[in-house]
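These are the residues of each chain, in order.
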Amino acid sequence: MKLLLKLFLSLIIIVFVAGGIFLWTFDLNRYRETITLQLSQALGRPVTIENMEMKLSLIPSIRASRITIGNPSAFSSSEPLLSAEAVDLTIALPPLFNKEIQVRDIQIINVTVNFIQTAEGNNLVVTATDTPVQSGKTNASANSATANNPY
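The text that follows walks through the structure, step by step, so that each part is easy to find. (Residues numbered from 1 in each chain as written. Predicted model: local features only at pLDDT ≥ 70, side-chain atom pairs only at ≥ 80, totals over all residues. Heavy atoms only, no water.)

### Digging into the overall build of the chain
Okay, step 1: For the chain, the helix and strand inventory stands at two helices and six strands.
Okay, step 2: The buried share of the chain, reckoned over its 151 residues, is 24%.
Okay, step 3: Across the chain, every contact between residues at least 6 apart in sequence was considered, and the portion connecting residues at least 24 apart equals 48%.
Okay, step 4: Accessible area for the chain stands at about 10,700 Å²; split by element, carbon and sulfur atoms hold 61% of it. (Helix = DSSP H or I, 4+ residues; strand = E, 2+ residues; numbered from the N terminus. Buried < 20%, exposed > 50% of the residue type's maximum accessible area, 1.4 Å probe, protein only. Contact = heavy atoms within 4.5 Å. Areas by Shrake-Rupley, 256 points an atom, 1.4 Å probe, with all protein chains shown as cover.)

Structure below.
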């Protein structure tokens, strides 16, 4: 009985030590290039993320810093469609065990969005196509924007 208890305690210690080593050495920036490539393909626009950090706990969170979403090369404006100082994501823990990511909360810090005006008037259009519809530009800035997922 004592041998079984010692084996069980040893296994628990090994799991905690291995988990600690994983958390200590895990660097989300190793995946930054893959993430930005997939975002760029999905949006049809160039995406850059300067730094990514992850905090694993009972409420895991991810912070992406200095993000830009550019316009396709067909657009005359060299300014990005969107730039943000940081985006904080709070992730639900249980779906991670099923290899699913469920975002519970998003906070965008110091976001600037450059909208595109059409020739027909002041309609603001944000499009993922490569055909520009720009006749002017309207800037919208905000110190922070938060979207909470109630589910």
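### Overview of the side chain of S65
Okay, step 1: Tracing the backbone through its elements, the reader meets S65 in strand 2 (residues 61–69).
Okay, step 2: Assessed through its relative accessible area of 10%, S65 is described here as buried.
Okay, step 3: When residues no more than four places from it in sequence are discounted, the contact partners of S65 are I49, E50, N51, E85 and A86.

### Details of the pairing of strand 2
Okay, step 1: Examined bridge by bridge, strand 1 (residues 47–55) and strand 2 share eight bridges and lie antiparallel to one another. For I49, the partnering residue across the bridge sits in strand 2 and is I67.
Okay, step 2: Taken together, strand 1 and the strand that follows it, strand 2, pair antiparallel across an intervening segment of five residues.
Okay, step 3: Both strand 2 and strand 3 (residues 82–91) contribute to a ladder of eight bridges, which runs antiparallel. (Pairing = 2+ DSSP bridges.)

### Brief notes about helix 2 (residues 32–43)
Okay, step 1: With 12 residues, helix 2 should cover 16 Å at 1.5 Å per step; its first-to-last C-alpha distance of 16 Å lies within 8% of that length.
Okay, step 2: Two residues or fewer after helix 2 comes G44, characterised by a positive phi angle close to 70°. (Expected span 1.5 Å × (residues − 1).)

### Comments concerning the pattern of salt bridges
Pairing between side chains of opposite charge can happen when their charged atoms approach one another.
Okay, step 1: According to the stated counting rule, one finds two salt bridges in the structure shown.
Okay, step 2: Of the charged contacts, one joins R66 and E50 as a salt bridge, the two residues approaching to 2.8 Å between their closest N and O atoms. Here the residue R66 occupies a position in strand 2, and E50 occupies one in strand 1, the gap between them amounting to 16 residues.
Okay, step 3: Since its relative accessible area comes to 43%, R66 is described here as partly exposed.
Okay, step 4: Residue classification places E50 among the partly exposed positions, given a relative accessible area of 46%. (Salt bridge = Lys/Arg side-chain N within 4 Å of Asp/Glu carboxyl O.)

### Section: the layout of surface pockets
In this approach the atoms are scanned with a rolling probe the size of a water molecule, which exposes any empty space left behind.
Okay, step 1: Each pocket or cavity is described by its volume, and for the largest pocket that value is around 840 Å³.
Okay, step 2: Around the largest pocket, the lining is made up of 27 residues, and of these I35, M52, I62, L89 and I101 lie nearest the centre.
Okay, step 3: The residue inventory of the lining of the largest pocket, partitioned by class, reads 26 nonpolar, no polar and one charged. (1 Å grid on protein atoms, 1.4 Å probe; cavity = no way out; pocket = protein on both sides within 12 Å on 5 of 7 lines; lining within 4 Å. Points joined across faces, edges and corners; volume = space filled by probe spheres on them. Nonpolar A, V, L, I, M, F, W, Y, C, P; charged D, E, K, R; others polar.)

### As for the nonpolar core
Okay, step 1: Core analysis: the biggest nonpolar cluster contains 11 residues, these being L28, V47, I49, M52, I62, A64, I67, I69, L81, V87 and I91.
Okay, step 2: Of all the secondary structure elements, the ones that give two or more residues to this core are strand 1, strand 2 and strand 3.
Okay, step 3: Among the elements that take part in this core, strand 2 stands out by supplying four residues, more than any other.
Okay, step 4: Setting aside its immediate chain neighbours within four residues, I91 contacts P60, I62, L96, I101, Q102, V103 and R104. (Core = buried A, V, L, I, M, F, W, Y, C linked by side-chain atoms within 4.5 Å.)

Taken by themselves, the reported measurements are silent on function.
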